[in-house]
There are 2 protein chains.
Amino acid sequence: MQVAIVLYPGFTSLDVIGPYEVWGRLPDTEVVFVAERPGLVVNDLRSLSVNVVAGFGDVPNPDVVLIGGGPGQTEQMSDGNLHEWLRRVDGASAWTTSVCTGSLILAAAGVLTGRRATSHWAALEHLAEFGVTPSKERVVIDGHYATAAGVSAGIDMALTLAGLLVGDDVAQTVQLIIEYAPEPPYHAGALESAPARVVESAMEKLSTRFPSR
Amino acid sequence: MQVAIVLYPGFTSLDVIGPYEVWGRLPDTEVVFVAERPGLVVNDLRSLSVNVVAGFGDVPNPDVVLIGGGPGQTEQMSDGNLHEWLRRVDGASAWTTSVCTGSLILAAAGVLTGRRATSHWAALEHLAEFGVTPSKERVVIDGHYATAAGVSAGIDMALTLAGLLVGDDVAQTVQLIIEYAPEPPYHAGALESAPARVVESAMEKLSTRFPSR
């Protein structure tokens, strides 16, 4: 099985590394990072630089494709090489997947039309602009599409998909190996549970990226 | 505030990217990846290559230092440049931290002697060989040391430390921005909750790395 993870400038690292850590541990699985242009790809925080060796032409037929989100997503919304590649590989993939605002890129490329999908809570409503039904669930499976909510939700999506791909026992073994028994010190990870002042502060920080309509 | 994250060949990516995603979002905080030799550092799965620009000499005085784990940890247990740097920066750091088997490296460098610490469940007992008291907690704070259990536990440690560094409100805002409201599809992330056959399978996979004594 080949898994392709797309990187672009301004990606959020945990979006992609969460699923990578899960899927990279599945038996007989190759994970390849892919970018429009091979070379160093720098993340949103500008302090992580990943050397990507594969371009789109090098990965014509992945079984699973993943695109994450991040501030750089806004630069990936116009049709071009990425969208063309996404449409082409989606035609043959077993699963096409996203984390966070990666689903907006899939939606803009046209592959999610008519589907239910999720995204980062601050971006969720924008899916509707592309004919996609926004869902507040943390992980949404619709057809051969698996989308995750913001950033850390990719771990939950990846384990869910691992179960579907290789069975519950193997998925659980990976969960134990990465010791994924979360104990967040606060309950502020979702809009519904975060204190009002925390929601306000997070919205303010994200407001330049997702102006309210 | 400067946070230094150590990379070495064979590191496990989520160990370091979890805390990076949290701390990189704190106000007035610079995160720098550092390695013995600047250049490309390849992870345990051999498919992620990070371009590290800082060597130990470039980061003489970080406020927070983090070392993660991974199969490459076993090559970092002998005294040398890394251990010397760890001892030096630990002398002035506000916090010295680890994820997974990174605590074994801190222990081998001598900075955890007499402390309580945690590590990956499969490696935990080995801390005692270095005069460190193993703890099964997911996050252990002892003095200015914060250690996390395996791989994904770094996210919980990083949020805990963020609260101590900059206050609960800011830490919670970061938690909401990375939408960390985990919903693992299974309850197999800890020895205590995983099915027996899953524990057996995970132990078998890790047995070459951590031979039982």
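Residues numbered from 1 in each chain as written. Chains lettered and ligands numbered in written order. Predicted model: local features only at pLDDT ≥ 70, side-chain atom pairs only at ≥ 80, totals over all residues. Heavy atoms only, no water.

Peer 1: Talk me through the interface of chain A and chain B; I want residue IDs and the actual numbers.
Peer 2: Taken together, the contact between chain A and chain B spans 64 residues of the former and 64 residues of the latter. Taken together, both faces of the contact between chain A and chain B bury some 5600 Å²; the carbon and sulfur share is 61%. Its largest share of buried area at the contact with chain B, chain A owes to Leu176(A), Glu179(A) and Tyr186(A), together 14% of the area lost on that side. If you look at where chain A meets chain B, you find four salt bridges. Between Arg197(A) and Asp169(B) there is a salt bridge; the shortest N-O distance is 2.7 Å. At the junction of chain A with chain B, the criterion picks out 44 residue pairs in polar contact (both at pLDDT 80 or more). Breaking the side of chain A that touches chain B down by element, the ones donating at least two residues are helix H1 (13-23), strand S2 (30-35), strand S4 (49-52), helix H4 (153-166), helix H5 (168-177) and helix H6 (196-206) of chain A. Broken down by element, the residue count for the side of chain A that touches chain B peaks at eight residues, all from H5(A). In terms of residue class, the side of chain A that touches chain B is built from 33 nonpolar, 20 polar and 11 charged. (Contact = heavy atoms within 4.5 Å. Buried area = accessible area lost by both parts, 1.4 Å probe. Salt bridge = Lys/Arg side-chain N within 4 Å of Asp/Glu carboxyl O. Polar contact = N/O pair within 3.5 Å; in protein donor to acceptor, adjacent residues only side chain to side chain. Helix = DSSP H or I, 4+ residues; strand = E, 2+ residues; numbered from the N terminus. Nonpolar A, V, L, I, M, F, W, Y, C, P; charged D, E, K, R; others polar.)

Peer 1: Tell me what's going on with unusual backbone geometry, and back it up with residues and numbers.
Peer 2: Residue and element names in this part refer to chain A. Notably, Val151 is not glycine yet its phi reads approximately 40°, a positive angle. With relative accessibility at 4%, the residue Val151 sits in the buried group. Although it is not a glycine, Glu179 adopts a positive phi angle of roughly 45°. With respect to the helices and strands, the residue Glu179 is situated in the loop between H5 and H6. In this structure Glu179 comes out as buried when scored by relative accessible area, which is 11%. (Buried < 20%, exposed > 50% of the residue type's maximum accessible area, 1.4 Å probe, protein only.)

Peer 1: I'd like to hear about the domain arrangement of chain A, residue by residue, with values.
Peer 2: Residue and element names in this part refer to chain A. In terms of domain boundaries, chain A breaks down into domain 1 (2-182) and domain 2 (184-213). Distance between the C-alpha centres of domain 1 and domain 2: 23 Å. Listed per partner, the contact involves 12 residues of domain 1 and nine residues of domain 2. Of all residues in domain 1, Trp121, Glu125 and His126 bury the most surface against domain 2, accounting for 46% of the area lost on that side. Here domain 1 and domain 2 share zero salt bridges between them. Across the domain 1-domain 2 interface, the total number found is zero residue pairs in polar contact (both at pLDDT 80 or more). (Domains from an automatic or database assignment.)

Peer 1: How would you summarise the sheet that holds strand S1 (residues 2-6) of chain A if you had to cite specific residues and measurements?
Peer 2: Residue and element names in this part refer to chain A. What the seven strands build is an open sheet, ordered S5-S2-S1-S6-S7-S11-S10; its pairing is mixed. In this open sheet, the two edge strands, each paired with only one partner strand, are strand S5 (54-55) and strand S10 (139-142). Two strands pair when backbone bridges link them, and S1 and S2 are joined in this way by five bridges, in the parallel orientation. Residue pairing in the sheet places Ile5 in a bridge with Phe33 of S2. In this fold helix H3 (residues 102-109) packs onto strand S6 (64-67), strand S7 (95-99) and strand S11 (145-148), with an angle of close to 130° to the strand it touches most, S7. (Pairing = 2+ DSSP bridges. Axes fitted to C-alpha atoms, helices over the stretch in contact; angles between N-to-C directions.)

Peer 1: Provide a residue-level description of the relation of the copies chain A and chain B, including the pertinent values.
Peer 2: Expressed as a screw transformation, the operator carrying chain A onto chain B has a rotation angle of 180° and an axial translation of 0.0 Å, and the superposed copies differ by an RMSD of 0.0 Å. One copy is carried onto the other by what is essentially a two-fold rotation axis. Minimal C-alpha separation from the rotation axis in chain A is found for Val50(A), amounting to 2.3 Å. Interface overlap between copies is the fraction of interface residues in one copy that are interface residues in the other; for chain A against chain B it reaches 100%, indicating a shared surface. (Least-squares fit on C-alpha atoms with pLDDT ≥ 70 in both.)

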